[in-house]
Amino acid sequence: MTTKVFLVGYMGCGKSTLARKLSRRTGVRAVDTDAEVERMEGASVGDIFRYEGEERFRELERSVVERVAASGEACIVATGGGLPTWSDNMEMLSKAGTTVYLRRSAERIAARLTPYGRAKRPKLQGLGDAELVEFMRRNIAEREPYYAQAALVLDCDTLSDEEAVERIIHYLEGNE
Ligand SMILES: Nc1ncnc2c1ncn2[C@@H]1O[C@H](COP(=O)(O)OP(=O)(O)OP(=O)(O)O)[C@@H](O)[C@H]1O
Ligand SMILES: O=C(O)C1=C[C@@H](O)[C@@H](O)[C@H](O)C1
Ligand SMILES: [Mg+2]
């Protein structure tokens, strides 16, 4: 694999998990924009939102993808769930490599998220069980026009992680 792959999609859809699996399968380095931002700031995503605000978080994640896009190295990038919806980020990702949208329904995401997984995602904080799916359904619909600009769209509700990995590799082989 000689390209950059950017996994995009709603928070909790499985970008970070799949990036690690793709990395193991291909030997190509995985990068996680949320983890990079946390490393740069020495603070968690939750604390950056809380103490510095979302705008600052979005500047930081933009600087991470700018750096990744400018590097000559092949890599598999798990992007933050909101990243494609800010500024011209989606356009930048599409120019820098192959974008893949991991589409997963609100119901399926809600069923996968642990209480800790919910607590560490600032956008989901304060939502009760009953409100969570409804919030995510609306929010996914708002973000879908950005995610759907990806070169490859995978309906992950009906795919195992292993099948998704194979689909991505097959797509890249046909397009490299
Ligand atoms: N194959 C799987 N089967 C069931 N649950 C899973 C699987 N892979 C991941 N999960 C659960 O889904 C959660 C979300 O996955 P992950 O962190 O990869 O999503 P993400 O898209 O990177 O989210 P974010 O946009 O918030 O960074 C994980 O913390 C885990 O609890
Ligand atoms: O969807 C979002 O807006 C977010 C997703 C996460 O990956 C983090 O980047 C943060 O929790 C915000
Ligand atoms: Mg992630």
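The name given to the chain in an unreviewed UniProt entry is Shikimate kinase, and the organism recorded there is Alistipes communis. Looking at the chain in UniProt, the text filed under Sequence similarities (unreviewed entry) is "Belongs to the shikimate kinase family."

### Some remarks on the site of ligand 2
In the vicinity of ligand 2, the contacting residues are Met-11, Asp-34, Val-45, Phe-49, Phe-57, Arg-58, Gly-80, Gly-81, Gly-82, Pro-122, Lys-123 and Arg-143. Asp-34 is positioned with one of its side-chain polar atoms (N or O) 2.6 Å from an oxygen atom of ligand 2. One of the backbone N or O atoms of Gly-81 is found 3.1 Å from an oxygen atom in ligand 2. Considering ligand 2 on its own, with 310 Å² of exposed area, one finds that the protein chains cover 96% of that surface. Of all elements in the fold, only α3 (45-52) and α4 (54-70) reach the threshold of two or more residues within the shell around ligand 2. Along the lines of polarity and charge, the residues of the shell around ligand 2 split into five nonpolar, three polar and four charged.

### A few points about helix α8 (residues 129-147)
Taking 1.5 Å of rise per residue, 19 residues should cover 27 Å, and α8 covers 25 Å from first to last C-alpha, within 8% of that figure. Most pronounced at Ala-141, the bend in α8 amounts to some 35°, and the proline Pro-145 follows within four residues. Residues of α8 that are buried make contact with β1 (4-8), α4, α5 (89-96), β4 (98-103), α6 (106-112) and α7 (115-119).

### A word on the site of ligand 1
With respect to spatial proximity, 13 residues lie near ligand 1, and among them Gly-12, Lys-15, Ser-16, Thr-17 and Arg-121 are the closest. At 2.8 Å from an oxygen atom of ligand 1 is found a side-chain nitrogen or oxygen belonging to Ser-16. One nitrogen or oxygen atom from the side chain of Asp-34 is found 3.3 Å from an oxygen atom belonging to ligand 1. Within the complex, 72% of the 630 Å² of free accessible area of ligand 1 lies under protein. Examining the composition of the shell around ligand 1, we find that three residues originate from one element, helix α1 (residues 15-26), more than from any other. Considered class by class, the residues forming the shell around ligand 1 number three nonpolar, five polar and five charged.

### Some remarks on the packing of helix α2 (residues 33-41) against α4
Between α2 and α4, whose axes approach to 9 Å, the crossing angle comes to 110°. If you check the angle between α2 and α4, you find them roughly perpendicular. Contact residues: α2 offers Thr-33, Asp-34, Glu-36, Val-37, Met-40 and Glu-41, while α4 offers Arg-56, Phe-57, Leu-60, Glu-61, Ser-63, Val-64, Val-65 and Arg-67.

### Digging into the sheet that holds β4
Taking strand neighbours across the sheet as the criterion, the five strands line up as β2-β3-β1-β4-β5 in an open arrangement whose pairing is parallel. Where the open sheet ends on each side, the last strands, each with one partner, are β2 (30-32) and β5 (152-155). Neighbouring strand axes in the sheet, compared pairwise and without regard to direction, differ in orientation by 20° on average. Here four bridges tie β4 to β5, and the two strands are oriented parallel to one another.

### So, the state of the cysteines
Across all of its chains, the model carries zero disulfides by this definition. Here Cys-75 stays free of any disulfide, with the sulfur of Cys-13 as its closest cysteine sulfur at 18 Å. Its sulfur unpaired, Cys-156 is 6.7 Å from the next cysteine sulfur, which belongs to Cys-13. Under the relative-accessibility criterion, Cys-156 is labelled buried at 3%.

Criteria and cut-off values
- Residues numbered from 1 in each chain as written.
- Chains lettered and ligands numbered in written order.
- Predicted model: local features only at pLDDT ≥ 70, side-chain atom pairs only at ≥ 80, totals over all residues.
- Heavy atoms only, no water.
- UniProt positions renumbered as here; feature names shortened; annotations may be inferred.
- Near = heavy atom within 4 Å.
- Polar contact = N/O pair within 3.5 Å; in protein donor to acceptor, adjacent residues only side chain to side chain.
- Areas by Shrake-Rupley, 256 points an atom, 1.4 Å probe, with all protein chains shown as cover.
- Helix = DSSP H or I, 4+ residues; strand = E, 2+ residues; numbered from the N terminus.
- Nonpolar A, V, L, I, M, F, W, Y, C, P; charged D, E, K, R; others polar.
- Expected span 1.5 Å × (residues − 1).
- Bend = angle between axes of the 7 residues up to and from the residue.
- Contact = heavy atoms within 4.5 Å.
- Axes fitted to C-alpha atoms, helices over the stretch in contact; angles between N-to-C directions.
- Parallel < 35°, antiparallel > 145°, perpendicular 65-115°, else oblique.
- Pairing = 2+ DSSP bridges.
- Disulfide = S-S within 2.5 Å.
- Buried < 20%, exposed > 50% of the residue type's maximum accessible area, 1.4 Å probe, protein only.

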